[in-house]
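Here is what each chain is made of, one letter per residue.
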Amino acid sequence: MKQNLFIVHRSSFIVGLMFGLEFLFGWALLALPLAGAPVVLHLLFRRKSPVVPFSTLRFIRSSIQRTAARKRIQQWLLLACRVLLMALLIWAIAQPAKLLASRWLHHGSAPVAAIVADNSYSMLLQQNHVTRLDEVNDAIGDLLRNELRDAKVAIFTANSPPTDQPESLQTAASLLAGWSALKPQPNPKPLADRVAAASSFLDRQDASDKWLIVLTDLQNKEFPRPLPPFDGGRLVLLDLHANDPRSVGITEVSLDPPQPVPGVLSEAVVEVIGRAGDQRAVTVALDGLDGQEEYKSAPIMASLDNGGRIDLRFPIKLPNERFVAIKAALSGDDDLPWDDTRTLLVEIPPRQPTRLISPVESPGVRAVHLALDPNQGGLDSWPLNVRTGNLADDDRAAVAVLTRWPSEGDAHQLAALARSGGNVVVFLAPGLEQGWATLAESQRSALADLLPSAPVSGSYSGSVIVTTAHDPLLNGLTDDQGIFPPGHVRRIVPFTGDRSVTVLLGLASETDTAHPQGLLFRKPLGKGFVYTMATLPDPLYSNIATNPAFLPLLVRMCLPSAAGSAGSNIELGQPIVLDAPLSADHSLNLETPSGGSYDIPGTDIDGGRRFNFSGATDPGLYIWRGQKTTDPLAVINVQLPASESELIYRPADTVMPHSDNVVIARSMADLRSKMTQLTEPEPHWSGEVALVLILVCLEALMGSTTGLWKPVFPNMFRPGMAGGATP
Amino acid sequence: MPIPRYRVFSPTDAAAMSKLQLTARQVVEGVITGLHKSPHRGFSVEFSEHREYTPGDEIRHLDWRAYARSDRYYVKLYEQETNLRATLVLDTSGSMKFAGKFDYGRHLAACLAYLLAMQQDLAGLAAIDDKVRVDLPAGSSPAHLDRLFKSLEGLAPGKSTDLVAGLHSLGERLPRRSLVILISDLWVEPAAFSRALQHLNYRKHQCMVLHLLDRAELDLPYDKQITLQDLETDEKLQINPEDLRETYSRQVEEYLSTIRRGCNDCDFEYHSMHVHEPYDKALVKLITRRG
């Protein structure tokens, strides 16, 4: 039978309030005047001393003068010690109890409670086939039916409610009537913020008895800082974390290099976390948008290191499909099943229509053409469809090998391609900088949009080096130390570059390696990029045409970046947003993983139209389609929050330090037990008893020193000593 | 000598004393030739030395035999034997009431007077508290001894003491080279007492100090808290003997050392006598010790 936590039967002890303490046997305090007994005895003892005639008091007086001060202090100390001893003895017999008990009592007014329930995904951890969230649901029901049945209660979940529906107080009965078990929710903010919100909510309530009840697993990320003290009432922290969570999860799947190229070997990198030393087999599969499995790797054993982490790399060759889901899965089962699989959606762009523009035929142009399409159009899966001639509307990339400055119109065309999301690669013949000054102002202005800066004069040569480490474009093209394959450039068109330009490769001269001159520049322009190579792959100027990194580098520059992909990956709780050009429909259709379909109206923004959907509740693929087309415009892969897999917990006392108004429990049974202890008077007299024992020892020591404690011998006065007897 | 019955001197006491001889440590000038050697050489019984005759010498002291042998006139010189003039000084202050010291002192004085009379020495008596109560001149006749005993019997302890002033007074009044036998508990200022002794010494008196003490005065042997009452001033002090014993004993010891040093400085005899020891045995021991 469950007992009410907040009501204590006080008839079992007599309450005597003194110095903030209650006493189990308060009547014993009536004996406190007995503490004065040593004083009385002292006075009586003084009066009863017999008068003894003595020959002279001269030496007695001087002896007293010498020892009186010390003896008097000793005597007063002894007297005080005895008085204190008596008082403490009576105090101990009265058995003081901590006043804390009464502070947890129910004072008659209707209590107000705020329950903060952690329903994040980490609470789905199972123990004995019961999840932490199940325990939270049971505990809330239990509290509402018993301890909080007379209270007004507000329930705060991990995710904030909409601003127009804030938490409000309801009676326990009405809450129970409309109660449905909490479901897991993503919580972009830490639970500590929700506790703070609940605390603030209680502060605003006009009640004398306030309860803040927090039900959580105390996951580390939920409590990045200790909770502030809750002074307005009592705080109950139900710590539901598992002692030794048996869980291994996949927290990230990524592609290396991140830019998907069909038919080219890539690596899927799978990050696995869990208990240190655990071993689980991991497989990677490639699924199409229809769910059809295209490829499945052999399992690789993930042996977690001491930190409980490991990265596994799976070689994969992406199929020639637009959307591919790279799905990593753990074999076997554990206590947290939802993180055993994780998916990365990639969009494999269709063959890029690429225009090679060159005013004259030269060895450099031939080298570029060969690098763009080494099969000369003979391989259908080659990601670039290379064409020569003038720029057309359907071109998505352009490579211009310039031996003279282009006209203003050509420059505008190339810039327009970049602004619309295409990529432009410009190769410049050294010596062009000498004619820059002779160009018309309008032509220079048009070219300035494309070039990293205005060219400057100068003669530079040197070895090719990487100037921007870890750039995705160069990923895999350098060795382990980040060094580009050896290449030498004899002459370039020098640029200074402005702030928006990234210098990817540079020239390091033999005499000055600290200040390399820029060789390859990347400049963002609109939605696309302009890459500028400040030389030609011509033996006259450089040997980069034979560099093993030249071909993949040129192909990557022509392919769209992963950031501009129509396939993206987000976590549950984040809004699903699609930015489309103004030419897109005014409303788009969104297909949800559960089979639902929504028409989402677009909102015009600067230079485009934005479609926003914030009602994603399930993980899976959300597919945007146009009103008139069946092909997906974009696909969003919504996944559960990876951080919820990190089952690292904070000790409860670091989240909320122990205090008189705080109870930390590991279960409802533990909570009830602790509340029972708190509402029972706690005898608190061991300190006094210890003091009594110390004082007894002190008294014995001092008494023996002063002689006042010595037993009285019957023969204390020898016959003839007193009164001047005859010898 | 017939022994009358006195309260302070019994026939038993007399029997014990008759065996003793009291000998002053130094030669004291006396009237009757006795056992004590006089520093004044004269013509008496015991030959001392020869001296050449000078006109004016009595010719009856001429040594004719020496004249016959040497044909020169020599006068025979003899060492004159004198008797001792002793004054017994008894302290009758209130402090002497403690532990029966007063009776002890009276008995002691009586015994010593009798002993002196037995060996033909002169014994006087002086009783002093805050002033000189009794002052009997020295004598050795039975009638004098009778008066001395009766005077002792008639004494009663007074209150306060001015023993030092009494000693100074005696020093002036007594004939030169007297023996002063002081019987007292000596609860006086040591410095003043030393000065009194020096005064006696200056007057060529010999002094023997018999210091009467009770064990209780030395080590304060009480076990329980008591109130002590001063027998001279009636002042009361409540004390815990345990607290004071060590300090008190040390101070009394220092005091006794000072008194003893004062006596030694004047080449006077000092004897402490404990009242728990019977006075006759103590007296015998004293005389034996002096040789």
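Given the structure is predicted, the values throughout are model-derived calculations rather than measurements. Throughout this description, residue numbers start from 1 for each chain and increase along the sequence as written. Chains and ligands are labelled by the order in which they are written, letters from A for the one and numbers from 1 for the other. The predicted origin of the model limits local features to residues at a pLDDT of at least 70 and limits the giving and counting of side-chain atom pairs to 80 or more, whereas totals for whole chains, interfaces and linings rest on all residues.

Moving on to the overall build of chain A. The helix and strand inventory of chain A stands at 13 helices and 35 strands. Counting every position in chain A, which comprises 727 residues, the buried fraction comes to 38%. By the convention adopted here, residues are in contact when the distance between their C-beta atoms, placed from the backbone, does not exceed 7 Å. Of the contacts formed within chain A by residues at least 6 apart in sequence, a portion of 75% connects residues at least 24 apart. Helix and strand labels come from DSSP, where a helix needs a run of H or I of at least four residues and a strand needs a run of E of at least two; each type is numbered from the N terminus. Burial in this document is a count-based property: other C-beta atoms within 10 Å of a residue's C-beta are tallied, and the residue is buried at 20 or more, exposed at 12 or fewer, or partly exposed in between, with C-beta positions derived from the backbone.

With that settled, consider the overall build of chain B. Within chain B, the secondary structure is distributed over nine helices and eleven strands. A fraction of 76% describes how many contacts in chain B between residues 6 or more apart in sequence connect residues 24 or more apart.

Residue-level contacts link 31 residues of chain A with 39 residues of chain B. For the side of chain A that touches chain B, the elements supplying multiple residues, two or more each, are β2 (51–54) and α2 (58–94) of chain A. Residue classes in the side of chain A that touches chain B are distributed as 16 nonpolar, nine polar and six charged. By the convention used here, strands pair only if DSSP detects at least 2 bridges between them. Note: β2 of chain A against strand β9 (residues 226–230) of chain B, four bridges, orientation parallel. Following the grouping adopted for this structure description, the nonpolar residues are Ala, Val, Leu, Ile, Met, Phe, Trp, Tyr, Cys and Pro, the charged ones are Asp, Glu, Lys and Arg, and the polar ones are all others, Gly among them.

The next subject is the nonpolar core. Definition of nonpolar core: a set of buried Ala, Val, Leu, Ile, Met, Phe, Trp, Tyr and Cys residues joined via C-beta atoms within 7 Å. L88, V89, A109, A113, I181 and I183 of chain B are the most contacted members of the largest nonpolar core, which has 75 residues in total. For this core, the leading source of residues is helix α3 (residues 101–118) of chain B, giving eleven residues. Non-local contacts of I181 of chain B, meaning those with residues more than four positions away in its chain, are made with A86, L88, V89, L112, M208 and L210 of chain B. The next biggest cluster of nonpolar side chains, apart from the first, holds 64 residues, and it includes A397, L414, F427 and L507 of chain A.

Moving on, we come to the sheet that holds strand β9 (residues 210–216) of chain A. All names here are of chain A. Strand order in the open sheet formed by six strands is β8-β7-β4-β9-β10-β35, with mixed pairing between adjacent strands. Pairing within the sheet leaves two strands with one partner each, and these edge strands are β8 (170–171) and β35 (662–665). Pairing geometry for strand β7 (residues 152–156) and β8, over two bridges, is antiparallel. Along β8, the bridge assignment pairs V153 with Q170. Together, β4 (112–117), β7 and β9 form the strand contacts of helix α6 (residues 191–203), whose direction differs from that of β4 by roughly 170°. Where helices are involved, their axes are fitted lines through C-alpha atoms of the stretch in contact, as for all axes, and angles between N-to-C directions lie from 0 to 180°.

Turning to unusual backbone geometry, a few remarks are in order. With a phi close to 65°, H129 of chain A is a non-glycine residue in the positive phi region. Mapped onto the secondary structure, H129 of chain A falls in the loop between β5 (126–127) and β6 (130–131). For A99 of chain B, which is not a glycine, the phi torsion comes out positive at approximately 60°. In this fold, A99 of chain B is placed in the loop between β4 (85–91) and α3.

Let's shift gears to the packing of helix α8 (residues 408–419) of chain A against helix α9 (residues 441–450) of chain A. All names here are of chain A. Following both chains from N to C, one finds α8 and α9 inclined at 25°, their axes separated by 9 Å at the closest point. By the angle between their axes, α8 is roughly parallel relative to α9. The crossing of α8 and α9 is left-handed. Contacts between α8 and α9 involve E408, A411, H412, L414 and A415 on the former and, on the latter, S442, Q443, A446, L447, D449 and L450. Each angle receives one of four descriptions, namely roughly parallel if under 35 degrees, roughly antiparallel if over 145, roughly perpendicular if within 65 to 115, and oblique otherwise. For a crossing to be left-handed, the near helix must be turned anticlockwise from the far one by less than a right angle; the clockwise case is right-handed.

This part covers helix α8 (residues 241–265) of chain B. Residues that lie three or four places apart on an α-helix share one face, since the helix turns once every 3.6 residues. One less than the residue count of a helix, multiplied by 1.5 Å, gives the span that helix is expected to have. Between its terminal C-alpha atoms α8 of chain B stretches 34 Å, which fits the 36 Å expected from 25 residues at 1.5 Å a residue. Bend angle per residue: angle between axes fitted to the 7 residues ending at that residue and the 7 residues starting there. Along α8 of chain B, the largest kink reaches about 30° and is centred on T247 of chain B. All of the buried residues along α8 of chain B are P241, D243, L244, Y248, I259, G262 and C263 of chain B. Elements in contact with the buried residues of α8 of chain B: α2 of chain A together with α6 (190–202), β8 (206–213), β9, β10 (236–239) and β11 (269–274) of chain B. Count one or two residues on from α8 of chain B and you reach D267 of chain B, which has phi positive near 60°.

With that settled, consider the sheet that holds strand β12 (residues 265–274) of chain A. All names here are of chain A. With antiparallel pairing, the three strands of this open sheet are ordered in space as β11-β12-β16. Looking along the sheet, the strands with just one partner apiece sit at the ends: β11 (248–256) and β16 (309–317). Shown here is a sheet whose adjacent strand axes are inclined to one another by a mean of 25°, direction ignored. Note that β11 and β12 share eight bridges and pair antiparallel.

Residues and elements named next belong to chain B. Overall, the prediction assigns chain B a mean pLDDT of 81, with 81% of residues at 70 or greater. Here strand β1 (residues 36–42) stands out as the least confident element of chain B, with mean pLDDT 47; β8 is the most confident, with 94. Note on residues 18–44: pLDDT under 50 across the span, and 80 contacts to partners over four residues away in sequence or across chains. Prediction confidence for the complex, expressed as pTM and ipTM, is 0.53 and 0.78 respectively. What pLDDT expresses is the predictor's confidence in each residue, scored from 0 to 100.

All names here are of chain A. Inspection of the secondary structure assignment puts E644 in the loop between β34 (632–639) and α11 (652–655). E644 gets classed as buried once you count the C-beta atoms within 10 Å, which come to 26. When residues no more than four places from it in sequence are discounted, the contact partners of E644 are S120, Y121 and S122.

Residues and elements named next belong to chain A. With 89% of its residues at a pLDDT of at least 70, chain A reaches an overall mean of 83. Low confidence marks residues 1–17, where pLDDT is under 50. Its contacts with residues over four positions away, or in another chain, come to 31 contacts. When the criterion is pLDDT under 50, residues 710–727 qualifies, and its contacts beyond four places in sequence or with other chains add up to 29 contacts.

A separate point is the environment of R351 of chain A. Checked against the element boundaries, R351 of chain A lands in the loop between β18 (341–347) and β19 (352–357). Sequence-wise, R351 of chain A and S381 of chain A are 30 residues apart; in three dimensions their C-alpha atoms are separated by 7.6 Å.

To continue, consider α6 of chain B. All names here are of chain B. For α6, built from 13 residues, the straight-helix expectation of 18 Å at 1.5 Å per residue is met to within 8% by its first-to-last C-alpha distance of 18 Å. Among all positions in α6, only F193, A196, L197 and L200 are buried. Down the axis, α6 shows its buried residues gathered within 100° of arc, on one side only. Seen from the open side of α6, the exposed residues pointing more than 90 degrees away from its buried face are A191 and Y202. Check the buried side of α6 and you find it contacts α5 (163–173), β7 (179–184), β8 and α8. Arc, as used here, means the arc of the directions from the helix axis to the C-beta atoms.

For the rest of this paragraph, the subject is the packing of α5 of chain B against α6 of chain B. All names here are of chain B. Two elements in contact, α5 and α6, have axes separated by 9 Å at closest approach and are oriented at 10°. As the angle between them shows, α5 and α6 are arranged roughly parallel. Here α5 contributes V164, L167, H168 and G171 to the contact with α6, which in turn contributes A192, F193, A196, H199 and L200. Tallied by class, residues from the contact of α5 with α6 come to six nonpolar, three polar and no charged.

Another point: the environment of D599 of chain A. All names here are of chain A. Residue position: D599 is located in strand β31 (residues 597–605). The exposure class of D599 is exposed, given the 10 C-beta atoms found within 10 Å. As for D599 and F611, which are separated by twelve residues in sequence, their C-alpha atoms are 9.9 Å apart. Beyond its immediate chain neighbours, meaning those up to four positions away, D599 contacts S587 and N589.

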